[in-house]
Amino acid sequence: MTISYNWLCDYLPETIDPEKLSKILTSIGLEVESLEKYESVKGGLEGLVVGEVLECTQHPNADKLKLTKVDIGKGGPLHIVCGAPNVAAGQKVIVAGIGVTIHPIKGDAVTMAPRKIRGEESQGMLCAQDEVGLGESHEGIVVLPEEAIVGNPVKEYFPVYTDWIYEIGLTPNRMDAMSHLGVAKDMCAYLSHHNRKPARPKLPFVNQFKIDNHDLPIIVTIENTAACPRYTGVTISGVTVQVSPQWLQDKLKAIGQRPINNIVDITNFILHETGQPLHAFDADEIAGHHIIVKNLPENTPFLSLDGKERKLSHEDLMICDGDSKPMCIGGVFGGLNSGVKEATKNIFLESAWFNPVSIRKSSLRHSLRTEAATHFEKGVDISACVTVLKRAALLIKELGGGEITSDVVDVYPQPKEKTTVVLKNHYLKKLSGKNYHSDTVKKLLTTLGFEIMREGADELWVLVPYSKPDISLPADVVEEIVRIDGLDNIDIPTSISISPAIDELGLKEGVREKLSNYLVGLGFNEIVTNSITNSKYFDEATLGHTVKMINNLSAELDVLRPTMLETALESIAYNINRKNASLRFFEFGKTYSVRSTGHYKEDEHFCAYITGDAETKSWRAAGKPQDIYTAKGIAVALLQLCGLTDVTIDEPATSITGTQYAVKQRTTIVAHITDVSNTHLQIFDIKQPVYCIDIHYGALMQLLEKKKIVYAEVSKFPAVERDLAFVVNKSVAYAEIERTVKKTNIGRLQSVRLFDVFESEKLGTDKKSMAVNFTFLDDEKTLTDKETDEMMQKIITALEKDMQAEVRK
């Protein structure tokens, strides 16, 4: 949130230094993230002086340049080369001498230095509007009035508005501080408490509001009182829509607002002054002089202020005219035809309170994140609608003329009662860690707008002001007391007592730690990604069972992730874009989906992601890229680490995200390995292969819970290894070979390992040679050659029968 120092000081009872004010704001919970000086003209015209052109002659070496002699009131005349077409002798001009820095409207600041232009020395510059920040024009130099005094600072003729701007990191629960007046009230509470004397804000509300006549009454009807509990308004006739006065423009520009016209600028001014959004309608566009606050049928067309036609939802709260024609999305965005235009003479000014949930839904639904919507969705002071309305109406009369031509319409069918909170003294001490006197607490809360209902021996009953709708619990009241007292004043205890946990890790946590440590040893880094992601990453079939957010944080974060891959790809893309292309990540997280019964499902996953090179290029060897075989090896190693030694990898299958391999423990799928498709990678602008290992943690836990840990002595007898090369069809995958060998049920076969694949026309059409290593071991004796040969023959027979393999001899 942006706060202007000058503007804030308008409401404070005393002037406080900007730096000191910054520290106070941070100490009361309004953290100042930055404090910067603002100047309506960048650089403040410092160093620029009034000069008089004494001579102006043609440059001998350039048709479009002139040689001038300029008097600046001290020293001799400056010789300045100028290219402006309007420069002439006798003019009073803006001069930037040697060492002066100018700040153009566009581009970087420039410091003047002596230089030669086409062979002629130039000792400065005669300035145009855009070169010193006074305007956009570059048609020629600025010519000052004849009465301008040579040598005087230019800023005497062009007043520069200066200010200090605070950027405050406001937490979502502090809607009461989303305005200059709200911050001023907090400051006054702080000053009252710490200076031991009352400090009250200078409120801008004056009791001068009066109705001039009743020539243009507007009737208001609220059909949806849940979405709009209160709606107020008043008519001002005979206004003149024109440029705002300079003071109003300066205040708005200082906080980054663009002045439009006096009527719109007043509504923006009031918003940032009080926190109450207003909307001005062209009263002549309101059919029947009747406003109806209602919902319209689904897909009703609405032409909004930005010229776009939007299809409305039946949940959108609309401000309609007497013909039920939509004029505005209530609290969010105005309509093109009903807003204030240059020719507008009569306006109806709206000040209302809209339901925050309704506003947020409409705002996100139509991607309209307006300031009004931001304020309404956090909650505004429902009691201030009429007060703020009168303040704005008087400002419009002052700056735009006209008369107030109707009573103040205030439709408030069910007035809201104030929230009651009971604060116990021992609870205050427990949460704050500090002993507060009861009188101190009462004074502090009173300065914040709380009303004391009654006081007991150990408790205080208070009514919460309407400006603080977030406060409903005793803990909220404690927070108010502590922050005004100063968060820096919380006592730090001299000792802290803790009870360390001695429970052993359960199976789930133990396996997670084991897998994590193993991957860290392989050079992996753990990532933690958001479980809320963007629906645009998924196709319609996936979205059909995806959990959608009802009240999403933003338009981009609208679903709970159905898979882990997409949020990881965001992290991978982020790193690749910063020249960190060789990556090894792992993550423990959850995915979410909707069952066919309508119930929600939550699954745990342990995922690893690899991309780029496994080995960095060096003088000894070229870089070795990570590939699908790297991913398969890591996946098998992770499962073996958990005790699953007999896993198999199925044939590849095509999925939405790429080529996928199912990893099984017998018939149970325990993981998937994905070679992410280029199409899917393009969504994230990734141009290098990415491989994903997704271990289904729930399935893994079920297998491990059934598995018994068996300890066996290391065999005293040597293992026997045999190699076998054979020719098979090219279409035969190694996984099929491995399954065929396992079917032989040779108990003394310890391992099977593929170590070579060879293809050549000499082997025959569509043939390849595979070389496999077999390791045999008997725990009770040394294997003989005869026994080993018998086992090898059994394997050969199985391969020849099932795989039509031809053993190479």
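Just above, that's the structure.
Structural notes, computed from the coordinates. (Residues numbered from 1 in each chain as written. Predicted model: local features only at pLDDT ≥ 70, side-chain atom pairs only at ≥ 80, totals over all residues. Heavy atoms only, no water.)

1. Overview of the overall build of the chain
The test is simple: A run of H or I in DSSP counts as a helix once it spans at least four residues, and a run of E counts as a strand once it spans at least two, with each numbered from the N terminus. Radius of gyration here uses only the C-alpha atoms, and the compact-globule reference equals 2.2 Å multiplied by the residue count raised to the power 0.38. Note on exposure labels: buried denotes an accessible area under 20% of the residue type's maximum, exposed denotes more than 50%, and partly exposed covers the range between, all computed with a 1.4 Å probe on protein chains only. Contact definition: two residues touch when any of their heavy atoms are within 4.5 Å. Surface accessibility follows the Shrake-Rupley procedure with a 1.4 Å probe radius. Residue values consider only the protein chains on display as shielding.
Helix and strand counts for the chain stand at 20 helices and 44 strands. For 809 residues, the compact-globule estimate of 2.2 N^0.38 gives 28 Å, and the chain exceeds it by more than 25% at 38 Å. With the C-alpha coordinates of the chain rotated into their principal frame, the extents come out at 120 × 90 × 65 Å. Across the 809 residues in the chain, those meeting the buried criterion constitute 48%. Taking all contacts inside the chain whose residues are at least 6 apart in sequence as the whole, residues at least 24 apart take part in 70%. Only carbon and sulfur atoms are counted for the fraction: they give 50% of the accessible area of the chain, which is about 41,700 Å².

2. Considerations on the sheet that holds strand β22 (residues 333–334)
Selection rule: Pairing between strands is defined by DSSP: at least two bridges between them are needed.
Strand order in the open sheet formed by 5 strands is β14-β17-β20-β21-β22, with mixed pairing between adjacent strands. Of all strands in the sheet, those with a lone pairing partner are β14 (219–222) and β22, marking the two edges. The sheet contact formed by β14 and strand β17 (residues 290–295) spans 4 bridges and is parallel. Directly across from valine 220, in β17, lies its bridge partner isoleucine 291.

3. What to know about the packing of aromatic side chains
As a reminder of what qualifies: Whether two aromatic rings pair depends on their centres lying within 6.5 Å, for rings of Phe, Tyr and Trp, where Trp uses its six-membered ring; planes under 30 degrees apart make the pair stacked, over 60 edge-to-face, and the rest tilted.
In total, this model carries 9 aromatic pairs according to the counting rule given. Where tryptophan 247 meets phenylalanine 269, the ring centres are 5.7 Å apart and the plane angle is 85°; that geometry is what we call edge-to-face. One end of the pair, tryptophan 247, is in helix α5 (residues 246–254); the other, phenylalanine 269, is in helix α6 (residues 262–274), and 22 residues separate them in sequence. An aromatic cluster of three or more residues is present, and its members are Phe586, Phe588, Phe606 and Tyr697.

4. Quick look at helix α16 (residues 628–641)
Formally: To estimate how far a helix should reach, multiply one less than its number of residues by 1.5 Å. Under the rule applied, a polar contact is a pair of N or O atoms within 3.5 Å (in protein, one hydrogen donor and one hydrogen acceptor; residues adjacent in sequence only if both atoms are side-chain atoms).
The terminal C-alpha atoms of α16 lie 20 Å apart, and with 14 residues this matches the ideal 20 Å at 1.5 Å per residue to within 8%. For α16, the set of buried residues is Ile628, Ala631, Ile634, Ala635, Ala637, Leu638 and Leu639. Looking at where α16 begins, the residue whose side-chain oxygen comes 3.1 Å from the main-chain nitrogen of tyrosine 629 is aspartate 627. Glycine 643 lies just past α16 and shows a positive phi near 105°.

5. Things to note about the pairing of strand β27 (residues 451–455)
Two strands pair when backbone bridges link them, and β27 and strand β28 (residues 459–463) are joined in this way by 4 bridges, in the antiparallel orientation. Note on β28: the bridge partner recorded for isoleucine 452 is valine 462. Connecting β27 to the antiparallel partner β28 that follows it, the hairpin turn spans 3 residues.

6. Things to note about the pattern of salt bridges
Where we set the bar: Throughout this description, the term salt bridge denotes a Lys or Arg side-chain nitrogen within 4 Å of a carboxyl oxygen of Asp or Glu.
Scanning the model with the defined rule gives 36 salt bridges in all. A salt bridge links arginine 483 to glutamate 480; its shortest N-O distance comes to 3.0 Å. On the criterion of helical spacing, the pair formed by arginine 483 and glutamate 480 is a turn pair, its members being 3 residues apart in helix α12 (residues 474–485). Accessibility classification places arginine 483 together with glutamate 480 in one group, the buried group.

7. Observations concerning the pairing of strand β33 (residues 600–611)
As paired strands, strand β32 (residues 583–594) and β33 are joined by 12 bridges and run antiparallel to one another. Looking at the pairing, glutamate 587 lines up with cysteine 607 of β33. Linkage of β32 to β33, two consecutive antiparallel strands, is achieved through a turn of 5 residues, within which glycine 598 is found at a positive phi near 95°. In this sheet, strand β40 (residues 690–696) lies alongside β33 in antiparallel orientation, the contact comprising 7 bridges. Within β40, the position partnered with cysteine 607 by the bridge is aspartate 694.

8. Regarding the sheet that holds strand β44 (residues 806–807)
Two orientations exist for strands paired in a sheet by backbone hydrogen bonds: parallel and antiparallel. Heads up, the rule is: Axes here refer to lines fitted to C-alpha atoms; in helices the fit is confined to the stretch in contact. Angles between the N-to-C directions go from 0 to 180 degrees.
Within the open sheet, the 4 strands sit side by side as β42-β43-β41-β44. Their pairing is antiparallel. Pairing within the sheet leaves two strands with one partner each, and these edge strands are β42 (749–758) and β44. Of the strand pairs in this sheet, β42 and strand β43 (residues 767–776) are connected by 8 bridges, and their pairing is antiparallel. Bridging from a neighbouring strand, aspartate 756 pairs with alanine 771 of β43. Running at roughly 150° to β42, helix α19 (residues 734–742) makes contact with β41 (720–729), β42 and β43 of the sheet. This element, helix α20 (residues 785–802), spans β41, β43 and β44 of the sheet and lies at about 20° to β41.

9. Points about the state of the cysteines
Note the threshold: Sulfur atoms of two cysteines make up a disulfide when they are within 2.5 Å.
With the rule as written, the count across this model stands at 0 disulfides. Cysteine cysteine 127 is unpaired, with the sulfur of cysteine 82 as its nearest cysteine sulfur at 9.2 Å. Cysteine 607 takes part in no disulfide bond, and the closest cysteine sulfur, belonging to cysteine 692, lies 5.1 Å away.

10. Points about the layout of surface pockets
Here is the rule: Points on a 1 Å grid over protein atoms alone make up a cavity when a 1.4 Å probe fits among them but cannot get out, and a pocket when they form an open set with protein on both sides within 12 Å along at least five of seven lines; lining residues each have an atom within 4 Å of a point. Grid points are joined across faces, edges and corners, and a volume is the space filled by probe spheres set on the points. Any residue outside Ala, Val, Leu, Ile, Met, Phe, Trp, Tyr, Cys, Pro, Asp, Glu, Lys and Arg is labelled polar, Gly included; the first ten of those are nonpolar and the last four are charged.
In this structure, the largest pocket occupies an estimated 1,400 Å³ of space. Of all the secondary-structure elements, those providing two or more residues to the lining of the largest pocket are α16, β36 (647–649), α19, β42 and β43. No other element matches the 8 residues that β42 contributes to the lining of the largest pocket. Among the residues making up the lining of the largest pocket, the classes are represented as 18 nonpolar, 9 polar and 9 charged. Roughly 1,000 Å³ of volume is contained in the second largest pocket. Lining the second largest pocket are 43 residues, with Lys185, Thr446, Thr447, Leu448 and Gly449 sitting closest to its centre. Residue assignment for the lining of the second largest pocket shows that the elements contributing at least two residues are α4 (180–195), α9 (385–400) and α11 (438–447).

11. Considerations on helix α7 (residues 356–365)
What α7 keeps buried is the set Ser358, Ile359, Arg360, Ser362, Ser363 and Leu364. Contacts from the buried residues of α7 go to β20 (317–320), β21 (326–329) and α8 (371–378). Regarding α7, its N-cap is asparagine 355, as a side-chain oxygen of that residue lies 2.9 Å from the backbone nitrogen of valine 357 further along.

12. Re the environment of serine 313
Here serine 313 is to be found in the loop between β19 (309–311) and β20. The exposure class of serine 313 is buried, given its relative accessible area of 8%. Here the alpha-carbon distance between serine 313 and serine 362, two residues 49 residues apart in the chain, equals 8.2 Å.

13. A closer look at the nonpolar core
Proteins that are soluble and globular tend to have nonpolar side chains buried together. Stated formally: Residues grouped as a nonpolar core are buried Ala, Val, Leu, Ile, Met, Phe, Trp, Tyr and Cys residues, joined through side-chain atoms within 4.5 Å.
By size, the foremost hydrophobic cluster in this structure holds 70 residues, and its most contacted members are Leu25, Ile236, Leu349 and Ile481. Take this core: its biggest share by element is 8 residues, from α4. For isoleucine 481, the contacting residues outside a window of four places in its chain are Leu423, Leu428, Tyr436, Val441, Leu444 and Leu445. Formed by 38 residues, the second largest nonpolar core is a distinct cluster that contains Ile218, Ile291, Trp353 and Cys385.

14. Here's the deal with the environment of glutamate 526
Mapping glutamate 526 onto the fold places it in strand β29 (residues 525–526). Spatially, the C-alpha atom of glutamate 526 lies 5.6 Å from that of phenylalanine 585, the residues being 59 residues apart in sequence. Ignoring sequence-local partners within four residues, the contact set of glutamate 526 consists of Arg512 and Phe586.

15. What to know about the packing of α4 against α12
Inclusion rule: Each angle gets one of four labels, with under 35 degrees taken as roughly parallel, over 145 as roughly antiparallel, 65 to 115 as roughly perpendicular, and the rest as oblique. Here is the rule for handedness: rotate from the far helix to the near one, and if that takes an anticlockwise turn smaller than a right angle the crossing is left-handed, while a clockwise turn gives right-handed.
The contact between α4 and α12 brings their axes to 9 Å, and the two run at 70°. With respect to α12, the element α4 is oriented roughly perpendicular. Note that α4 runs across α12; the crossing there is right-handed. Each of Asp186, Ala189, Tyr190, His193 and His194 in α4 lies in contact with α12, whose residues at this interface are Arg483, Ile484 and Asp485. Taken together, the residues that form the contact of α4 with α12 break down as 3 nonpolar, 2 polar and 3 charged.

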